[in-house]
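Report on the structure
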Amino acid sequence: MQKEELWEYTLQPQDNGKKYQDILAHKFHFSRKLLQSLKQGEHAWINGKFTYLTARGQAGDLLSVQLLGEEPPNIPGEQLPLDILFEDDYLLIVNKPPGQVVHPNHRYPTGTLGNAVVGYWQAKETSHRFRPIHRIDRNTSGIVVIAKSRFAHQQLAYQLEHNLIHKHYLGFVQGCVLEDQGKMDQTIALTPGSFIQRTVSPDGLPALTYYQVLYRYPEATLMRFMLSTGRTHQIRVHCQALGHPLLGDDLYGGQLELIQRQALHSYHYAFQHPATGENISIYAPWPKDLIELVSKLKTKTCFFGASP
């Protein structure tokens, strides 16, 4: 086993006498499923010698665990454009263009971000399963974080579940939003009779979106959205409920004159690296259609608010 393929931890005094599996579960949030997979075969060593995870450790011991390594892909690869923002042994972070589905489905079996990512790995002669930490809508552009291993996926899934991943979106909504900042916390449910559309409903799931106005145009407002929950279409539904649907979002009342898709971009993600704990902050450049949208909106004099 190459050293660069190992995750390592030096046991501390508070770890004395504890089982390795308990240290991994309680201190590093290893899932039960991941621990079970590590028990199948030789995947853990203490001071360079194979160990069972049920053994107990002492302060100063060096625990090494095999977390990397190749896996067969779970979807076909295709040679498609890919805008990479960050990559290391654990993560691949890309800037998804509008109009592309994240994962293949019956309606979009090919041409997806997943096909592009697997094709990229195949061209590099490596092999991983496609494990996006989250999904964004087909017509939303921006950041998608992809885990290269089960470990990285479950570590970031833990952060996502405990609101430790900070997700910021930029969006252009119709009309002038008067409040400089605020929150939208209406519960969201599936619209009766629809498999796609969502709606605000007392029977829905809790959803919380914070917003901040960045710039006011005569006919639109540029806003930053911060998600505390991740409901399907959350920002889109909340903007409709606010009375200011996203430009181009005809599913939720948005006008199509200036842009043909919802004017929403996942532009900033901040989280802790799953292996090192380092703070990672990623920004995604705006796509061409949003840059063109700004040009269209600026053809009229702004009457409200300060310059961005």
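Residues numbered from 1 in each chain as written. Predicted model: local features only at pLDDT ≥ 70, side-chain atom pairs only at ≥ 80, totals over all residues. Heavy atoms only, no water.

The buried fraction of strand S14 (residues 220-227) amounts to six of the eight residues, a majority that puts the element mostly inside the structure. Alignment of strand S9 (residues 166-174) against S14, held across eight bridges, turns out to be antiparallel. Paired with Gln174 across the strands is Ala220, a residue of S14. Sheet topology note: the strand S13 (residues 209-216)/S14 ladder contains seven bridges and is antiparallel. Residue pairing across strands places Tyr210 opposite Met226, the latter belonging to S14. Here S13 hands over to S14 after three residues, the two strands then running antiparallel side by side. (Buried < 20%, exposed > 50% of the residue type's maximum accessible area, 1.4 Å probe, protein only. Helix = DSSP H or I, 4+ residues; strand = E, 2+ residues; numbered from the N terminus. Pairing = 2+ DSSP bridges.)

This part covers the sheet that holds strand S4 (residues 62-66). What links the strands of a sheet is backbone hydrogen bonding, and the strands pair in either a parallel or an antiparallel sense. Across the sheet, four strands lie side by side as S1-S4-S2-S3; this open sheet has antiparallel pairing. On the outer flanks of this sheet lie strand S1 (6-10) and strand S3 (49-50), each paired with one strand and no other. Bridge analysis of strand S2 (residues 44-46) against S4 gives three bridges, and the strand direction is antiparallel. Its bridge partner being in S4, Ala44 is matched across the sheet by Val65. Docked against the sheet, helix H1 (residues 20-28) engages S1, S2 and S4, running at close to 95° with respect to S1. (Contact = heavy atoms within 4.5 Å. Axes fitted to C-alpha atoms, helices over the stretch in contact; angles between N-to-C directions.)

A surface patch of nonpolar side chains, about 350 Å² in accessible area, is lined by Phe195, Ile196 and Leu251. Position of Ile196 among the secondary structure elements: in the loop between strand S11 (188-190) and strand S12 (198-200). (Patch = residues over 30% accessible without salt bridge, like charges linked within 9 Å, V, L, I, M, F, W, Y side chains within 5 Å. Areas by Shrake-Rupley, 256 points an atom, 1.4 Å probe, with all protein chains shown as cover. Salt bridge = Lys/Arg side-chain N within 4 Å of Asp/Glu carboxyl O.)

Along its 12 residues, helix H4 (residues 150-161) runs 16 Å from first to last C-alpha, staying within 8% of the 16 Å computed at 1.5 Å per residue. Taken as a whole, H4 has its buried residues at Phe151, Ala152, Gln154, Gln155, Leu156 and Gln159. For H4, the elements touching its buried residues are S1, H1, helix H2 (32-38), strand S6 (91-96), strand S8 (141-147) and strand S15 (264-272). A positive backbone phi angle near 55° is found at Asn163, which sits one or two residues after H4. (Expected span 1.5 Å × (residues − 1).)

So, on to the pattern of salt bridges. Scanning all chains against the criterion turns up nine salt bridges. Between Asp180 and Arg216 there is a salt bridge whose closest N-O contact spans 2.7 Å. Linking Asp180 in the loop between S9 and strand S10 (181-184) with Arg216 in strand S13, this pair joins segments that are 36 residues apart in sequence. Several salt bridges share partner residues, and in doing so they unite Glu87, Lys124 and Lys148 into one network.

Now for the environment of Leu258. The residue Leu258 is located in the loop between helix H5 (234-242) and S15 in this model. In contact with Leu258, other than residues within four places in its own chain, are Leu293, Lys296 and Leu297.

Bringing the packing of aromatic side chains into the picture now. Under the criterion given, the structure shown has 12 aromatic pairs. Look at Trp7 and Phe151: their rings are 6.3 Å apart centre to centre, the planes differ by 50°, and that puts the pair in the tilted class. With Trp7 in strand S1 and Phe151 in helix H4, this pair connects stretches of sequence that are 144 residues apart. Judged by relative accessible area, which is 6%, Trp7 ranks as buried. (Phe/Tyr/Trp six-rings, centres within 6.5 Å; stacked < 30°, edge-to-face > 60°.)

What follows covers unusual backbone geometry. Peptide bonds are mostly trans, and most non-glycine residues show a negative phi. You will see that His29, though not glycine, has its phi angle at about 60°, which is positive. Tracing the backbone shows His29 in the loop between H1 and H2. For His29, a relative accessible area of 28% translates into the label partly exposed.

It is worth spelling out the nonpolar core at this point. Nonpolar side chains in soluble globular proteins generally cluster together in the buried interior. Among the nonpolar cores identified, the biggest contains 57 residues, and Trp7, Phe30, Val145, Phe225 and Phe271 are the most heavily contacted of them. Here the element with the most residues in this core is S8; it accounts for five residues. Non-local contacts of Phe30, meaning those with residues more than four positions away in its chain, are made with Trp7, Leu24, Ala25, Leu35, Leu38, Leu67, Phe151, Gln154 and Gln155. Membership of the second largest hydrophobic core comes to 14 residues, among which are Phe172, Tyr217, Tyr267 and Leu290. (Core = buried A, V, L, I, M, F, W, Y, C linked by side-chain atoms within 4.5 Å.)

Classification of Arg216 as buried rests on a relative accessible area of 6%. At a separation of 2.8 Å, a polar atom in the side chain of Arg216 contacts the main-chain carbonyl oxygen of Val177. Of the polar contacts made by the side chain of Arg216, one reaches the side chain of Asp180; its length is 2.7 Å. (Polar contact = N/O pair within 3.5 Å; in protein donor to acceptor, adjacent residues only side chain to side chain.)

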